[in-house]
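Residue-level structure breakdown
This is what each chain is made of:
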Amino acid sequence: MAARKPAAPLSETAFTLLVQGVLDYGIFMLDPYGHIVSWNAGAERIKGYRAGDILGQHFSVFYPPEDQASGKPQWELETAVAEGRLEDEGWRVRKDGSRFWANVVITALWDEKGVLQGFGKVTRDMSERRAAQHALTERRRLFDHLVRAQETERRRIAWDVHDDSIQAMVAVGMRLELLADQVPETQSAELRRLDASVREAITRLRSLTFRLHPPGLDRHGLVEGLASHLDDVVGTAWGMPYSFDHRLDREPAPETAVTIFRIVQEALLNVHKHARAGRVDVVMRSCDGGITTRVVDDGTGAPTTRDGSRDHFGVIEMRERAETAGGWWSLRARPGTGTTVEFWVPSPQPETDTADAVP
């Protein structure tokens, strides 16, 4: 087989045609003082100037008045000279006066003798990406607000039930117990049965307040809060063997922790009510900028609907929580092999800075 000949080097004319034809990037040259000496089709599309309108003008015309006043264009050239190149993102101005968010790279160009010949400048319009990022940020902010509002309401209800309803029922129980000791035996038995019903209702209400606002999550974080819930509820109250395997690279934000906790809580409740399982295992991992969690039981495997989900409110709530957080949720179940609930929710880094707002 004959050796392939090396490709011929791209001629200067062909390279110029390539640069001139690029539409997604504004590529142009500046002289050593910042005046525009070349212009491609991408620069015309992004900035709105034809070559005849812009050649010879100073590149500072693309900067907002506040950046011009602060000397930012000249500072960028000086930085490119000192460091070889400069990359920046910020507002730029089109010919019609509208602003767009740009990614800009300025490269200092030197000849073989080390004399500055000018600058190469590449500009990309990032407005759509920035708008998408802002939309995601706003969605996350709305989600966080919703989670906080839900948890605040749950806490209020839990306190009301504990401080009002439960205390009133405890008083009723004490009164019934006192009456049972004072009436004839025929009536006492009935009062004691009524007292037992009241005590059972108090136990259920206390369980409800625990589910509404479990202790430990606010103070200790997701891992310790979930471990405490598994120990208190699954291990002690239900008497079910379990395991909890977790590997997180950092503690998630409170809203993310609450979302994961609530989905796991609902999945465990479904195991207790429907699966007839002898064991449940919970696995939690940091993955792809978020947290993946699996709840696996060895039960009978609940029947599923045509879309693969159990047809009851708990499943709908779990899926909606995960998807509202920007994640996904799935359920796999086969009769006799148990059920796996798996979900992923994003766990963004805490915001340390915010981009400039559009004037």
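Residues numbered from 1 in each chain as written. Predicted model: local features only at pLDDT ≥ 70, side-chain atom pairs only at ≥ 80, totals over all residues. Heavy atoms only, no water.

With 35 residues, the main nonpolar core has Ile260, Leu268, Met284, Val295, Trp329 and Phe343 as its most contacted residues. Residue assignment for this core shows that the elements contributing at least two residues are α6 (127-180), α9 (222-237), α10 (254-275), β6 (280-287), β7 (290-297), α11 (313-324), β8 (328-334) and β9 (338-346). Ranked by residues supplied to this core, first place goes to α10 with ten residues. Those residues within four positions of Phe343 in sequence are excluded, and the remaining contacts are Ile260, Ile263, Val264, Ile291, Thr292, Thr293, Ala322, Trp328 and Trp329. Counting 20 residues, the second largest nonpolar core, distinct from the first, contains Trp39, Ile46, Tyr49 and Tyr63. (Core = buried A, V, L, I, M, F, W, Y, C linked by side-chain atoms within 4.5 Å. Buried < 20%, exposed > 50% of the residue type's maximum accessible area, 1.4 Å probe, protein only. Helix = DSSP H or I, 4+ residues; strand = E, 2+ residues; numbered from the N terminus. Contact = heavy atoms within 4.5 Å.)

Okay, α6 next. Along its 54 residues, α6 runs 76 Å from first to last C-alpha, staying within 8% of the 80 Å computed at 1.5 Å per residue. At Val161, α6 shows its largest bend, some 35 degrees. (Expected span 1.5 Å × (residues − 1). Bend = angle between axes of the 7 residues up to and from the residue.)

Quick look at the packing of α9 against α10 now. In a packed pair of helices, the relevant descriptors are the angle between the two axes and the axis-to-axis distance. The interhelical angle for the contact between α9 and α10, taken along N-to-C directions, is 20 degrees, at an axis separation of 10 Å. Regarding the angle of α9 to α10, the classification is roughly parallel. The two elements α9 and α10 cross, and the hand of that crossing is right-handed. On α10, the residues touching Leu222, Gly225, Leu226, His229, Leu230 and Val234 of α9 are Ala257, Ile260, Phe261, Val264, Gln265 and Leu268. For the contact of α9 with α10, a count of residues per class yields nine nonpolar, three polar and no charged. (Axes fitted to C-alpha atoms, helices over the stretch in contact; angles between N-to-C directions. Parallel < 35°, antiparallel > 145°, perpendicular 65-115°, else oblique. Left-handed = near helix turned anticlockwise from the far one by under 90°. Nonpolar A, V, L, I, M, F, W, Y, C, P; charged D, E, K, R; others polar.)

Below, the discussion takes up the confidence of the model for the protein. Of all residues in the protein, 85% have pLDDT values of 70 or greater, and the mean over the chain is 83. Confidence over residues 304-311 falls short of pLDDT 50; this stretch has 13 contacts with residues more than four positions distant or in other chains. The low-confidence segment residues 352-359, where pLDDT is below 50, has seven contacts with residues more than four positions distant or belonging to other chains. (pLDDT = per-residue confidence, 0-100.)

On to unusual backbone geometry, then. One non-glycine residue with positive phi stands out, namely Arg276, at about 50 degrees. With respect to the helices and strands, the residue Arg276 is situated in the loop between α10 and β6. Residue classification places Arg276 among the exposed positions, given a relative accessible area of 68%. Located in the positive-phi region is Asp288, a residue other than glycine, with phi close to 55 degrees. Here Asp288 lies in the loop between β6 and β7.

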